[in-house]
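If you want the building blocks of each chain, they are given just below.
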Amino acid sequence: MDCFHWEMKKYNSLFIFSSCNWTCMHLTLQWPGSFCIGINNKTICKIPQTVQYWTIHGLWPIRTGHCCDCWPIYHSHLEEIEPELAKLWPSFIKGKHFFYFWKDEWIKHGTCAGCVETMGSPFLYFQAAVKLRKLFDIDNILESSGIKTSCEVSYKLDDIRGVLTPVLGQTYDLQCVTDSKGREAWIQLKIHLFRNQTLGCPKQEQEQKFDLLAWSNSTGHPCPKNSTIFYVPINYENPHEPCN
């Protein structure tokens, strides 16, 4: 083995060792009806007419620091599952091709997850996220329990948790944004998973901060316990103020 390949093998081994020091990850799902409320730049957000369900924001190993820019991803890596990704993991930013959203997620989070065999390539990582999204069918869970989108009816946090906990266990987070009239709108659900993709991983002391979109300066926050929460409908014409 020549010196170059020996050094690359040594570098890759160090990368895998240093980037795999994590135990839990978040499957983060976002509700399109509330998404644009949290975007300060109102000109860049749009919900495609084809989007009608909870979508994937990301699958995020819980760790600090940056993993690696050296593990490339190409469009061809995802062509086999692109139809499912386009449906379940779309971008809501105007002019941002879906692939570039997926590429950002791979570089920021997927390269950290890639040290686990079941997520050890771009294809496997995104395939894992899609399978998890299908496993946790939040739309049907909520609808079958009578929690439906509305601009008039709001829900107590405990009522929503009472529906989700039998399915997800105790370790998940609900996140909200505040609309122009001061209403709390449910926007994200972060499901805590072990690295083997099973439920129940406890909260870590150093968890990633709320990350709606890195470039959006969102005002997202944990859903409050002392006020009711709106599960707003998707408003394709006016997504920034879906209830106004």
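Residues numbered from 1 in each chain as written. Predicted model: local features only at pLDDT ≥ 70, side-chain atom pairs only at ≥ 80, totals over all residues. Heavy atoms only, no water.

An unreviewed UniProt entry lists the protein chain under the name Ribonuclease T2, like, with Cyprinus carpio given as the organism. Taken directly from UniProt, the Subcellular location (unreviewed entry) text for the protein chain runs: "Lysosome lumen". Taken verbatim from the UniProt record of the protein chain, the Sequence similarities (unreviewed entry) comment is "Belongs to the RNase T2 family." (UniProt positions renumbered as here; feature names shortened; annotations may be inferred.)

## A closer look at the overall build of the protein chain
The secondary structure content of the protein chain amounts to 7 helices and 7 strands. Element order for the protein chain, N to C, with α for helix and β for strand: α-β-α-β-α-α-α-α-β-α-β-β-β-β. By residue count, 48% of the 244 residues in the protein chain fall in the buried class. Put simply, 75% of the contacts in the protein chain that link residues at least 6 apart link residues at least 24 apart. Carbon together with sulfur atoms contributes 53% to the accessible area of the protein chain, which is approximately 12,100 Å² in total. (Helix = DSSP H or I, 4+ residues; strand = E, 2+ residues; numbered from the N terminus. Buried < 20%, exposed > 50% of the residue type's maximum accessible area, 1.4 Å probe, protein only. Contact = heavy atoms within 4.5 Å. Areas by Shrake-Rupley, 256 points an atom, 1.4 Å probe, with all protein chains shown as cover.)

## Quick notes on the packing of aromatic side chains
The way to describe two aromatic rings as a pair is by their centre distance and the angle between their planes. Inspection of the entire model under this criterion finds 13 aromatic pairs. Relative to Trp 54, the ring of Trp 31 has its centre 5.6 Å away and its plane inclined at 40 degrees; by these criteria the two rings are tilted. Of this pair, Trp 31 sits in the loop between β1 (24-30) and α2 (32-35) while Trp 54 sits in the loop between α2 and β2 (55-61), and the two are 23 residues apart along the sequence. By relative accessible area, which is 0% here, Trp 54 ends up buried. One aromatic cluster is present, built from ring pairs that chain together Trp 71, Trp 89, Trp 106, Tyr 125 and Phe 126. Sitting over the face of the ring of Tyr 172, Arg 161 holds its NZ or CZ atom 4.1 Å from the ring centroid. (Phe/Tyr/Trp six-rings, centres within 6.5 Å; stacked < 30°, edge-to-face > 60°. Lys NZ or Arg CZ within 6 Å of the ring centre and 35° of its normal.)

## What about the nonpolar core?
Phe 126, Leu 164, Trp 186 and Leu 189 are the most contacted members of the largest nonpolar core, which has 58 residues in total. The element that contributes the greatest number of residues to this core is helix α5 (residues 122-135), accounting for 7 residues. Ile 44, Ile 47, Phe 92 and Ile 93 belong to the second-largest nonpolar core, a separate cluster that totals 9 residues. (Core = buried A, V, L, I, M, F, W, Y, C linked by side-chain atoms within 4.5 Å.)

## Digging into the packing of helix α4 (residues 98-113) against α5
Packing of α4 against α5 brings their axes to within 10 Å, and their N-to-C directions diverge by 95 degrees. Of the possible angle classes, the one that applies to α4 and α5 is roughly perpendicular. Contact with α4, carried on its side by Trp 102, Glu 105, Trp 106, His 109, Gly 110 and Ala 113, involves Pro 122, Tyr 125 and Phe 126 of α5 and no other residues of that element. Here the residues of the contact of α4 with α5 sort into 6 nonpolar, 2 polar and 1 charged. (Axes fitted to C-alpha atoms, helices over the stretch in contact; angles between N-to-C directions. Parallel < 35°, antiparallel > 145°, perpendicular 65-115°, else oblique. Nonpolar A, V, L, I, M, F, W, Y, C, P; charged D, E, K, R; others polar.)

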